[in-house]
Amino acid sequence: MAIHKAESPLPGLLYHKPEPDAQPFKAPGDAVALGDTLALIEVMKSFMPLEAETAGTFKGYLIDDGEHIDAGDHFCEIEG
Amino acid sequence: MATGIKKLLVANRGEIAVRIIRAARDLDIRTVQVVSAADHDMLAARLADEVIEIGPAPAQKSYLVIDNILKALAESGADAVHPGYGFLSESAEFARRVTEMGVIFCGPDAQTIDRMGDKVNARAAAIAAGVPVVPGSEGRVADLDAAIAVAEEIGYPVMVKAAAGGGGRGIRVAQTREELVKTVPMAMSEARAGFGDDGLYIEAFIQRARHIEVQVLGDGERAVHLFERECSLQRRRQKVWEEAPAAALPEAVRADLCASAVRLAEEVWYRGAGTLEYLYDMDREAFYFIEMNTRIQVEHPVTEMITGVDLIREMLLIAGGAPLSLSQEQIRCAGHAIEVRVNAENPDKNFLPAPGRIETLVSPGGPGVRFDTGVYAGYTVPPYYDSLLGKLVVWDTSRAAALDRLSGALTELEIGPNPTTASLHRDLVQNPDVRAGNVSTLWLEDWLRAAAEDGLLKTG
């Protein structure tokens, strides 16, 4: 089983949840299908979904909710 | 020119902060720029006399935190604050708390911001001043017969709106009486299911609208207008291209429109710079007041270009206690001006934001050309704020000449390597509909959709 690290194409603020009081998109152990939303990124007042490019099992986020992320940074791990 | 202000705190960022600092400098006012941790390098921070950090990068933790700005205000000893646009510019609480500190807020008082910021109150003030508003039912309609009576009076098409809806939800359009008869019962049960309230109201549906707005200045007693702007080219309700004066407005309509804006500004004893936004119905040939913005607007330079009036200077003078420096007769409209917004977005990828380092920046120049920006070559555009990099503004003696001048200026403008909306404007300035002024508020999105389908633009 290989660990895949998902990376952000843009710099911005990373969010684990669709809304502040919602559940995170994924929790460790959750199944991930291609195209599943893993996180949101806020860039210049726009929110964009970051979608899974690999299927597998969600391992965890690498960047805290609401924190800054640079383009090319890894933000979560998927085992698949 | 003398003003009551000695030291001004600029509670904003980007190009408008630069614009405010320039106006203050011309009046011998010292400037204090507040910055987030991410903004120490921005152009306004370089130009200001003093810089004070007010918090971390996200605006919710810096530019939007009233306490942090008031702390900077106390620390700096500034005697006035200019809020710019966006952020806290229309926060009545901010205006009130600044004033309570004994500091001048460059804008109307908190009460006026509150009153005009509420759509229902603003509509009531407009009606009291005899300013036309979008015709419709007075509140809820009791039943289908009442709905039909209102629709027949204002004429079809009409919008059936759920009283408890909002943000575009719960709206249906009826083109004819037959459609209305079918629509009303459906809309009622939908509204009951969706909002727990079956109340409906009826409003005229404006199929082909132009967005037209009037610039006003008031000193709390007297108000003047500085003619109108047209901002019909919009994407997702964001203006991308603005002009002054409005190309297609009949002269008699223009005079009525501008006079109505002055009446409304005087009705509320308006103080400072403000903008009254209207929809112009191209089919009914009528204008309707929508809302008032109680602040300076992004597109104010087109008004400055046709009138020669420095609006930020006027705001500072009025805030400093001076009466209006201009009579209505002294304000003349000459020639035509166009502004295009240059945003850090990629038009070929569905306007994907494109923050990052600017390596190249060559500004266009020559007579009647102005480029207002808050960035420079070597500056890194942060991802935390809106995408406006700068505004290219041109003026010439006629609209046709202004379009040609804009085309030349866009050729000169170089910003790179990241994509910007300058490429979109290079297409728009050649477009026959844009050149003919044959546009409505829906035109740009329709054109973008068609262009994407034709493969002229790739959507991401």
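Residues numbered from 1 in each chain as written. Chains lettered and ligands numbered in written order. Predicted model: local features only at pLDDT ≥ 70, side-chain atom pairs only at ≥ 80, totals over all residues.

Peer 1: Would you explain the overall build of chain B in this entry?
Peer 2: When helices and strands are counted, chain B shows 15 helices and 22 strands. Dimensions of chain B, computed from the C-alpha atoms along their principal axes, are close to 65 × 55 × 45 Å. Expressed as a percentage of the 460 residues in chain B, the buried residues total 48%. Contacts in chain B between residues far apart in sequence, at least 24 positions, make up 65% of those at least 6 positions apart. (Helix = DSSP H or I, 4+ residues; strand = E, 2+ residues; numbered from the N terminus. Buried ≥ 20, exposed ≤ 12 C-beta atoms within 10 Å, placed from the backbone. Contact = placed C-beta atoms within 7 Å.)

Peer 1: Whenever I open this one, the sheet that holds strand S3 (residues 50–53) of chain B confuses me. Can you help?
Peer 2: Hydrogen bonds between backbone atoms are what pair the strands of a sheet, whose relative direction is either parallel or antiparallel. All names here are of chain B. Spatial strand order, S3-S2-S1-S4-S5: 5 strands in an open sheet with parallel pairing. With one partner strand each, in any of the chains shown, S3 and strand S5 (104–105) form the two edges of the open sheet. Strand contacts of helix H1 (residues 14–26): strand S1 (7–10), strand S2 (30–35) and strand S4 (80–82), with the helix running at about 175° to S1, the strand carrying the most contacts. (Pairing = 2+ DSSP bridges. Axes fitted to C-alpha atoms, helices over the stretch in contact; angles between N-to-C directions.)

Peer 1: I keep staring at the environment of B:Ala377 and nothing clicks. Help me out?
Peer 2: Residues and elements named next belong to chain B. Within the secondary structure, Ala 377 sits in the loop between strand S19 (369–373) and strand S20 (380–381). In this structure the C-alpha to C-alpha distance between Ala 377 and Leu 361, which are 16 residues apart in sequence, comes to 5.3 Å. Contacts of Ala 377, omitting those with residues within four sequence positions, involve Ile 358, Glu 359, Thr 360 and Leu 361.

Peer 1: Could you clarify how one ought to interpret helix H15 (residues 443–454) of chain B in this entry?
Peer 2: A turn of α-helix holds 3.6 residues, and therefore any two residues three or four places apart point the same way. With 12 residues, H15(B) extends 16 Å from end C-alpha to end C-alpha; this agrees with the ideal 16 Å at 1.5 Å per step. Of the residues trailing H15(B), B:Gly455 is marked for its positive phi of about 80°. (Expected span 1.5 Å × (residues − 1).)

Peer 1: I'm lost on the sheet that holds strand S6 (residues 56–61) of chain A in this one. Help?
Peer 2: All names here are of chain A. Pairing in this open sheet of 4 strands is antiparallel, and the strands run S1-S8-S6-S3 from one edge to the other. Each having just a single partner strand, strand S1 (3–7) and strand S3 (31–32) make up the two edges of the open sheet. One ladder, built from 4 bridges, connects S6 with strand S8 (residues 74–79); its direction is antiparallel. Pairing of Gly 60 across the sheet is with Glu 77, part of S8.

Peer 1: So what exactly am I meant to see when it comes to helix H10 (residues 300–307) of chain B here?
Peer 2: Residues and elements named next belong to chain B. Among the 8 residues that make up H10, 8 are buried, leaving the element largely enclosed by the rest of the structure. All of the buried residues in H10 are His 300, Pro 301, Val 302, Thr 303, Glu 304, Met 305, Ile 306 and Thr 307. Gly 308 sits one or two residues past H10 and shows a positive phi near 75°.

Peer 1: Before we go on, may I ask you to explain the interface of chain B and chain A in this structure?
Peer 2: As a measure of interface size, the accessible area lost when the parts come together is often cited. Taken together, the 8 residues of chain B in the interface contact 8 residues of chain A. Along the lines of polarity and charge, the residues of the side of chain B that touches chain A split into 6 nonpolar, 1 polar and 1 charged. (Nonpolar A, V, L, I, M, F, W, Y, C, P; charged D, E, K, R; others polar.)

Peer 1: I would appreciate a short explanation of unusual backbone geometry in the present structure.
Peer 2: Excluding glycine, residues mostly have negative phi values, and the peptide bonds linking residues are mostly trans. Look at the link from B:Tyr156 to B:Pro157: it is a cis peptide, with omega at -5°. The topology assignment puts B:Pro157 in the loop between helix H7 (144–154) and strand S6 (158–162). Looking along the chain, the bond that leaves B:Gly416 and enters B:Pro417 is cis, with omega of 5°. By secondary structure assignment, the location of B:Pro417 is in the loop between strand S22 (414–416) and helix H13 (422–428). Positive phi is not limited to glycine here, since A:Met44 has a value of about 50°.

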